[in-house]
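# Survey of secondary and tertiary structure
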Amino acid sequence: MLFRSPRYVTDPSETGPQIGSTFVIPLDQPTASGGTWGDLQGAQAGTTLVIVDFFATWCPPCQQETPVLRDLDRTYRARGLKIVGISVNEAGSDVAAYGARYSLDFPLLLDANGALFRAAHAGGLPTQLLLDGSGRVLAVLARPLVPADGPTLVEPLLRAP
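Residues numbered from 1 in each chain as written. Predicted model: local features only at pLDDT ≥ 70, side-chain atom pairs only at ≥ 80, totals over all residues. Heavy atoms only, no water.

## Digging into the sheet that holds strand E6 (residues 127–132)
Heads up, the condition is: For two strands to pair, DSSP has to find at least two bridges joining them. Per the convention used, a helix needs a DSSP run of H or I reaching at least four residues, while a strand needs a run of E reaching at least two, with both numbered from the N terminus. A fitted line through C-alpha atoms serves as each axis, taken over the contacting stretch for helices, and the angle formed by two N-to-C directions is quoted from 0 to 180°. Note on contacts: a residue pair is in contact if any heavy atoms of the two residues lie within 4.5 Å.
The mixed open sheet is built from five strands, whose spatial order is E5-E4-E3-E6-E7. What marks the edges here is a single partner per strand, and that holds for strand E5 (108–111) and strand E7 (137–141). Adjacent strand axes in the sheet meet at a mean angle of 20°, parallel and antiparallel pairs treated alike. The pairing of strand E3 (residues 49–55) with strand E4 (residues 81–88) spans seven bridges and is parallel. Bridge pairing in E4 links Phe54 to Ile86. Along the sheet, helix H1 (residues 60–76) contacts E3, E4 and E6; its crossing angle with E4, the most-contacted strand, is approximately 155°. Relative to the sheet, helix H4 (residues 149–159) contacts E3, E4, E6 and E7, its axis offset from that of E3 by approximately 140°.

## Quick look at the pairing of E3
The two faces of the sheet receive side chains in turn, since in a regular strand these alternate between them. Under the convention used in this document: Think of it in three bands: residues with accessible area under 20% of the maximum for their type are buried, residues over 50% are exposed, and the middle band is partly exposed, with areas taken using a 1.4 Å probe on protein chains only. By convention, orient the strands away from the viewer: a clockwise path from the first strand over the helix to the second makes the crossover right-handed.
When you tally the buried positions in E3, you get seven out of seven residues, the bulk of the element. Neither face of E3 is open: one carries Leu49, Ile51, Asp53 and Phe55, the other Val50, Val52 and Phe54, and all of them are buried. The parallel pair E3 and E4 is bridged by H1, and the resulting crossover is right-handed. The pairing of E3 with E6 spans six bridges and is antiparallel. In the sheet register, Phe54 faces E6, and the bridge partner there is Thr127.

## Concerning the confidence of the model for the chain
Detailed conclusions should not be drawn from predicted coordinates in areas where pLDDT is low. Definition in use: A residue's pLDDT is simply how confident the predictor is in it, with values from 0 to 100.
Model confidence for the chain is summarised by a mean pLDDT of 88, while 88% of its residues fall at 70 or above. Here residues 1–7 is modelled with pLDDT under 50, and outside its nearest four sequence neighbours on either side it reaches 20 contacts, counting other chains as well.

This is the structure in structure tokens:
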């Protein structure tokens, strides 16, 4: 059972997908900008690491993490990092405004009914899935990313074969 508190959505029985499994975002998943995930697939070339960030605009830990994600995107995009934000149970206009407020250049997808959140077996917000370029789950983080995660988490995974 999922429930909403002022801070996050949580289901302590969910711990994310199994490491080594594949997580796929449906091509028809809508974006906050009005397109679909499939419209963005040409931008996947050269991706070696994907961070899928489940978040909500009203979530304080998510808000604290957003500048970190923006900085990771700007620092590591040229080296193969792709960040994908997935807003859970929110309206597209709210998510688009959030992206503009934080000057986000990475795609923001809409999970209006929470289906992707449930498919990822995520237990709370924010939750990150770290995937290789083919969508294989490398790690699941049930916490906000912090600046130190750049050199200690992202860089080693970008170098991994």
